[in-house]
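Each chain is listed here by its residues.
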Protein chains: 2
Amino acid sequence: MVQYTLTYFDVRALGEPIRLLFKYAGVEFKDVRIKHIDWPNIKPTTPTGKLPYLEIDDKVLPETSAILRYLARQFNLIGANEFEAAFADSTLDTYRDFMAAIRPHYVVVAGFAEGNADQLFKDVYIPNRDTAFKRLGDLLSKSKSGFVVDSGVTYVDFFIADHITTLLNLDPSFEKTFPEIVAYQKKVYALPQLKDYITTRNFSKF
Amino acid sequence: MVQYTLTYFDVRALGEPIRLLFKYAGVEFKDVRIKHIDWPNIKPTTPTGKLPYLEIDDKVLPETSAILRYLARQFNLIGANEFEAAFADSTLDTYRDFMAAIRPHYVVVAGFAEGNADQLFKDVYIPNRDTAFKRLGDLLSKSKSGFVVDSGVTYVDFFIADHITTLLNLDPSFEKTFPEIVAYQKKVYALPQLKDYITTRNFSKF
């Protein structure tokens, strides 16, 4: 049996979609959670100076998206064919472009930088949010499954659904503005393989 | 036969690694190159408001990395097994993290933003460059093939090699500081399937 060890901070953010993938697949993994105070000492020992990384027996794989895609192939969660796999891959990268675009707001509200959070919310977050979720709503309404790809749930749904939780924590207007996106998130969280974990996990704002 | 159409600007940047993949595989594709002056009119007609995107018969796939991974699977350029595929994937994302980190310098020298290019070169570009290529040099020196993965060349080598051309155009100290990285780039460019194309393509600074 393969021994998987995931190392990340004790927050959801870029680690949680990987945890959700393990939970959904019913595959055991060691869930190592680093305290932020210990990070400066641990950083030089990591493969790229960043978290998360995944140990797969004696092999090491950094980068959230690459970890998700690798595990999703092992667990048969990449879609029904290579085009669906590519479409999931592409949709995740488009979503991460959105996350990069709103980062100037995020780093201020998360306390990683100083700045005017209200102004950044208005000028940076809102316009990018509206473009990204208009597009995602269109994509989902055309999907035969209601998930990103026609054949059913894939790893990209776990990533987006869990990030929507972060947006709901930061943006009081999100639910009213995008009810169909919140319905999609709830549909992912209600998957029988995830439901118990979602309701019992510790609260993490990000 | 599948009809591939790649739409991108008339520069290397994020389009060229895909072109190199087609050239290496000997697969025909329509190479649509948009003029920057036409972009505002074309932008709303694209799937995500960004270039490049790839048409695969009647299907559309945006995002450089996703396009590369999809085509690399079709053309057998993802490595010898799923871990090598994941390692290539991860190495590309780590490299793109480096590109994101040096973007504040790049946007100024490329004329997309105003700023002090010399200061950004010193404060942003150089420290990120030194970390990224120290790491890549270590990785390559351990590889059995001299490419990113042990079994031989993959799409990630095309991406990194072509971006090194951009760095050589912008950074007069690159070659002296990282001769082994430039040797790696030359090894990719000298592949018999690429050599003629590389020497005859039009010059593009980026």
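Basis of the calculations
- Residues numbered from 1 in each chain as written.
- Chains lettered and ligands numbered in written order.
- Predicted model: local features only at pLDDT ≥ 70, side-chain atom pairs only at ≥ 80, totals over all residues.
- Heavy atoms only, no water.
- Domains from an automatic or database assignment.
- Contact = heavy atoms within 4.5 Å.
- Buried area = accessible area lost by both parts, 1.4 Å probe.
- Salt bridge = Lys/Arg side-chain N within 4 Å of Asp/Glu carboxyl O.
- Polar contact = N/O pair within 3.5 Å; in protein donor to acceptor, adjacent residues only side chain to side chain.
- Helix = DSSP H or I, 4+ residues; strand = E, 2+ residues; numbered from the N terminus.
- Nonpolar A, V, L, I, M, F, W, Y, C, P; charged D, E, K, R; others polar.
- 1 Å grid on protein atoms, 1.4 Å probe; cavity = no way out; pocket = protein on both sides within 12 Å on 5 of 7 lines; lining within 4 Å.
- Points joined across faces, edges and corners; volume = space filled by probe spheres on them.
- Buried < 20%, exposed > 50% of the residue type's maximum accessible area, 1.4 Å probe, protein only.
- Axes fitted to C-alpha atoms, helices over the stretch in contact; angles between N-to-C directions.
- Parallel < 35°, antiparallel > 145°, perpendicular 65-115°, else oblique.
- Left-handed = near helix turned anticlockwise from the far one by under 90°.

### So, the domain arrangement of chain A
Residues and elements named next belong to chain A.
- We note that the domain assignment places domain 1 (4–76 + 195–200) and domain 2 (82–191) within chain A.
- On a C-alpha basis, the centres of domain 1 and domain 2 stand 20 Å from each other.
- Across the contact, 15 residues belong to domain 1 and 18 residues belong to domain 2.
- Summed over the three residues of domain 1 that lose the most area to domain 2, namely Arg12, Tyr24 and Arg69, the buried surface amounts to 33% of that side.
- Put simply, domain 1 and domain 2 have 3 salt bridges between them.
- Counting across the interface, domain 1 meets domain 2 through 6 residue pairs in polar contact (both at pLDDT 80 or more).
- Where the side of domain 1 that touches domain 2 is concerned, the elements lending two or more residues are helix 1 (16–25), helix 3 (64–74) and helix 10 (192–200).
- By residue number, the principal contributor to the side of domain 1 that touches domain 2 is helix 3, which donates 6 residues.
- The residue makeup of the side of domain 1 that touches domain 2, split by class, is 8 nonpolar, 2 polar and 5 charged.

### A short note on the layout of surface pockets
- In this structure, the second largest pocket spans a volume of roughly 830 Å³.
- If you list the elements that add at least two residues to the lining of the second largest pocket, you get strand 4 (59–62) of chain A together with helix 4 (82–101) and helix 6 (117–142) of chain B.
- No other element matches helix 6 of chain B, which puts 9 residues into the lining of the second largest pocket.

### Points about the environment of Ile198 of chain B
All names here are of chain B.
- Along the chain, Ile198 turns up in helix 10 (residues 192–200).
- Residue Ile198 is classed as buried on the basis of its relative accessible area, which comes to 15%.
- For Ile198 and Tyr184, which are 14 residues apart along the polypeptide, the C-alpha to C-alpha distance reads 15 Å.

### Quick look at the packing of helix 3 (residues 64–74) of chain B against helix 4 of chain B
Residue and element names in this part refer to chain B.
- Relative orientation of the contacting elements helix 3 and helix 4 amounts to 155°, with a least axis distance of 11 Å. What the angle tells us is that helix 3 and helix 4 run roughly antiparallel. Classified by chirality, the crossing of helix 4 by helix 3 is right-handed. Along its contact with helix 3, which presents Thr64, Ser65, Leu68, Arg69 and Arg73, the element helix 4 presents Glu82, Ala85, Asp89, Leu92, Asp93 and Arg96.
- A class-by-class count of the residues in the contact of helix 3 with helix 4 yields 3 nonpolar, 2 polar and 6 charged.

### Overview of empty space enclosed by the protein
- Inspection of every chain in the model, using the stated rule, returns 2 cavities of 30 Å³ or more.
- Quantified by volume, the largest cavity comes out at close to 230 Å³.
- Lining of the largest cavity is provided by 19 residues; of these, Arg69, Arg73 and Asp89 of chain A together with Arg69 and Arg73 of chain B occupy positions nearest its centre.
- Every element with two or more residues in the lining of the largest cavity is listed here: helix 3 and helix 4 (82–101) of chain A together with helix 3 and helix 4 of chain B.
- Considered class by class, the residues forming the lining of the largest cavity number 11 nonpolar, no polar and 8 charged.
- In this model, the second largest cavity occupies a volume close to 60 Å³.

### Side note on the interface of chain B and chain A
- The interface is formed by 25 residues belonging to chain B together with 25 residues belonging to chain A.
- Roughly 2100 Å² of surface becomes buried between chain B and chain A when both sides are summed, with 56% attributable to carbon and sulfur atoms.
- Seen at the junction of chain B and chain A, the total is 8 salt bridges.
- The salt bridge partner of Lys50 of chain B is Asp97 of chain A, with a shortest N-O separation of 2.3 Å.
- Across the contact surface, chain B and chain A share 10 residue pairs in polar contact (both at pLDDT 80 or more).

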